[in-house]
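Each chain, letter by letter, is given below.
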Amino acid sequence: MRRGGRASAVIRRILPAFLLAVEAAPRSMLFYVTVSLAGGVIPVVSAWFTKMLIDALTAGASFSVIILPMAGLGVAGVLATTVPQITQYLRAEMGRQVGLLAQDRLFTAVGGFIGLGRFENPYFLDRLRLAQQAGGVMPNQVVDGMLGFGRSVVTVAGFLGSLLLLNPFMAALVLLAGVPTLIAEITLSRRRARMFWETGPAERREIFYSQLLSSVEAAKEVRLFGVGAFLRERMLTERRATNAAKRGIDKREFFLQTGIGLLAAMTSAGGLLWAVSAAFAGRLSVGDITIFIAAVVGVQGALALMAGEIARTHQALLMLDHYLAVTTGGPDLEIAEAVRSLPMIRRGIELRDVWFRYSDDHPWVLRGVSLHIPYGKALALVGVNGAGKSTLVKLLCRFYDPTRGAILWDGVDIRHVAVADLRSRIGAVFQDYMHYDMTAEENIILGDLDAIEDTGRIREAAKRAGIHDKLSSLPRGYETLLSRMFFMESDKVNPETGVILSEGQWQRLALARAFLREQPDLMILDEPSAGLDAEAEHEIHTSLKRHRAGRTSVLISHRLGAVRDADLIIVLSGGRILECGDHDTLMTNPGEYARLFELQASGYQSHVEGRLA
């Protein structure tokens, strides 16, 4: 039962690889199977034609008798030369087509993840990295390994049949000599696959340190603080750890392969001694000795190849598990069986006794938060770092679901509506906004792909964000690539066309992306002016105030002057609502908001008085 279960598990893992190959490249797959299996017959046929030719020559046969094995050897030689080339081409073509389909499947699955939980899980990130490595090549390696196994089986069967005719005992001995090779290869493949998984975190840390040493974002601080040598040593430490693990596997492989090689050599030597003694006794002809030697070498070689193919296939299957785990993992958040339509906001959004933590091992981030975001009003979230403000925004966007409680959109639980529908009704600027290494126009278009042909909307969004004049002045205007990482084909001869914006300009571009989405039901602004100077901040907040007028909006800012005009201000502390009210109310009843506001105000006042003095 246990063996049957293991066999069915192997088949379940092999089948997806074959189906992927058949779907991606059906013709190449058919030709590849045919040519691969035919290639296994060629060595056996060549050996028998050689025997026939030698026996005919030693017997003094006429040319008409000799011509058949000669012609057969000629055809076999041509096939032996051309079949590997055809196989190599088909393998490469299948690799390209299977890799393309596998990559599409992988990132379609990744794009289908509703929330952020998996992307913030180091265990999943290691699995995703291995899935990216495995998805493009492992399905093809599984198919290639299984066909290589089949080709070796054909060769072994042919040569074993030849040995059985000459000496059944020697046939059994040669076959048994290949068993240790098979066991050793499978054992090594298991260890190697486990090693890839165990060294994954170290390799990811090595990549992290190497990126710090080579990225423009970190270049200033690395050089200013003189931490290059420190980071380099950490990178090399991680590399040494992975090298040590790989070296251990290589040592085991060296000793095992050496022992297996000695066993094969002794088997061949014993067989050769028997064949020579049999020839002297007149039991074997010269041709028989020839095919015997070819059969022993052929069986040993085919068994070694078979063991290697099984080991590579086994390792490929173990690595393919990561790919299958990602592509068949299913949704990361609950999907409602009966999806409800999302109404237009007319009453508002309610958080009803919302508790949240990122896992059972983490502390509570939100503790029983209940609040109402009125329709058409602006709600501001205030609090020190770690109070739960950004987490609350993630819940509103349904990047996570509440651990307890519910979020209601005009009375409808957002878990019961289509996620795409929900997010299409939300406009947002996040504190950790993206820098896309694309053109200026593309950076804005990503806010609403429906505007991809609407130049007027794109320019208007840029104007409202205060970035239009800057983009228009770039070497290629809105078509300028905002990156120095690579160039477009049309710009490769002119490196000056790759432009880097300042952080404040990037922030305005992120605002333009948000402005491009017309008439969102809910506007979320998470530190929308954090990278701007005072004048630009005032300009942006004025524009934002116009943009969110009459709209339901949530605003987060550590600069309390930017939220004082909000209709409702919520002060969060330790995941709970500490205070609630408008600016005047909260300032009249001294509490945390008043303390923070006066603290910031005193800092500005001291700065102004210092300048006047």
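Not measured: the values here are computed from a predicted model.

Caption draft 1: Inspection of the overall build of the protein chain at higher detail. In terms of regular secondary structure, the protein chain is built from 19 helices and 10 strands. Counting all 613 residues of the protein chain, 43% fall into the buried class. In the protein chain, 73% of the contacts between residues at least 6 apart in sequence involve partners at least 24 apart.

Caption draft 2: Layout of the layout of surface pockets. Of the pockets and cavities examined, the largest pocket occupies roughly 1000 Å³. What lines the largest pocket is a set of 26 residues, among which Phe 399, Ala 428, Val 429, Phe 430 and Tyr 436 lie closest to the centre. Residue assignment for the lining of the largest pocket shows that the elements contributing at least two residues are helix H11 (389-396), strand S6 (426-429) and helix H16 (503-516). For the lining of the largest pocket, the element with the most residues is S6, which contributes four residues. By residue class, the composition of the lining of the largest pocket is 15 nonpolar, four polar and seven charged.

Caption draft 3: Quick look at the sheet that holds strand S3 (residues 378-382). With mixed pairing, the six strands of this open sheet are ordered in space as S6-S7-S8-S3-S9-S10. Looking at which strands have only one partner, the edges of the open sheet turn out to be S6 and strand S10 (576-581). Averaged over neighbouring strand pairs, the angle between their axes works out to 15 degrees when direction is ignored. Pairing of S3 with strand S8 (residues 552-556), which is carried by four bridges, proceeds in the parallel orientation. Along S8, the bridge assignment pairs Ala 380 with Leu 555. Sitting on the sheet, H11 is in contact with S3, S6, strand S7 (522-526), S8 and strand S9 (568-573), with an inclination near 150 degrees to S8.

Caption draft 4: How the structure looks around the packing of helix H2 (residues 26-58) against helix H3 (residues 63-111). The interhelical angle for the contact between H2 and H3, taken along N-to-C directions, is 160 degrees, at an axis separation of 8 Å. Regarding the angle of H2 to H3, the classification is roughly antiparallel. Considering only the axes of H2 and H3, their crossing is left-handed. Looking at the contact of H2 with H3 residue by residue, the classes come out as 22 nonpolar, eight polar and two charged.

Caption draft 5: Quick peek at the environment of Pro 201. Within the secondary structure, Pro 201 is located in helix H7 (residues 200-214). For the pair formed by Pro 201 and Tyr 123, sequence separation is 78 residues and the distance between their alpha carbons is 8.6 Å.

Caption draft 6: Highlighting the pattern of salt bridges. Enumeration according to the criterion identifies 17 salt bridges in this entry. A salt bridge links Asp 360 to Arg 357; the nearest nitrogen and oxygen atoms lie 3.9 Å apart. Asp 360 gets classed as exposed once you look at its relative accessible area, which sits at 65%. In this structure, Asp 521 and Arg 425 form a salt bridge, with 3.1 Å as the shortest nitrogen-oxygen distance. Taken together, the residues Asp 521 in the loop between H16 and S7 and Arg 425 in the loop between helix H12 (419-424) and S6 connect sequence positions 96 residues apart. On the basis of relative accessible area, Asp 521 is assigned to the buried category, the value being 10%. Residue Arg 425 is classed as buried on the basis of its relative accessible area of 14%. Here the salt bridges share partners, and the residues they tie into one network are Arg 129, Glu 203 and Lys 246.

What counts and what doesn't
Residues numbered from 1 in each chain as written. Predicted model: local features only at pLDDT ≥ 70, side-chain atom pairs only at ≥ 80, totals over all residues. Heavy atoms only, no water. Helix = DSSP H or I, 4+ residues; strand = E, 2+ residues; numbered from the N terminus. Buried < 20%, exposed > 50% of the residue type's maximum accessible area, 1.4 Å probe, protein only. Contact = heavy atoms within 4.5 Å. 1 Å grid on protein atoms, 1.4 Å probe; cavity = no way out; pocket = protein on both sides within 12 Å on 5 of 7 lines; lining within 4 Å. Points joined across faces, edges and corners; volume = space filled by probe spheres on them. Nonpolar A, V, L, I, M, F, W, Y, C, P; charged D, E, K, R; others polar. Pairing = 2+ DSSP bridges. Axes fitted to C-alpha atoms, helices over the stretch in contact; angles between N-to-C directions. Parallel < 35°, antiparallel > 145°, perpendicular 65-115°, else oblique. Left-handed = near helix turned anticlockwise from the far one by under 90°. Salt bridge = Lys/Arg side-chain N within 4 Å of Asp/Glu carboxyl O.

Taken by themselves, the reported measurements are silent on function.
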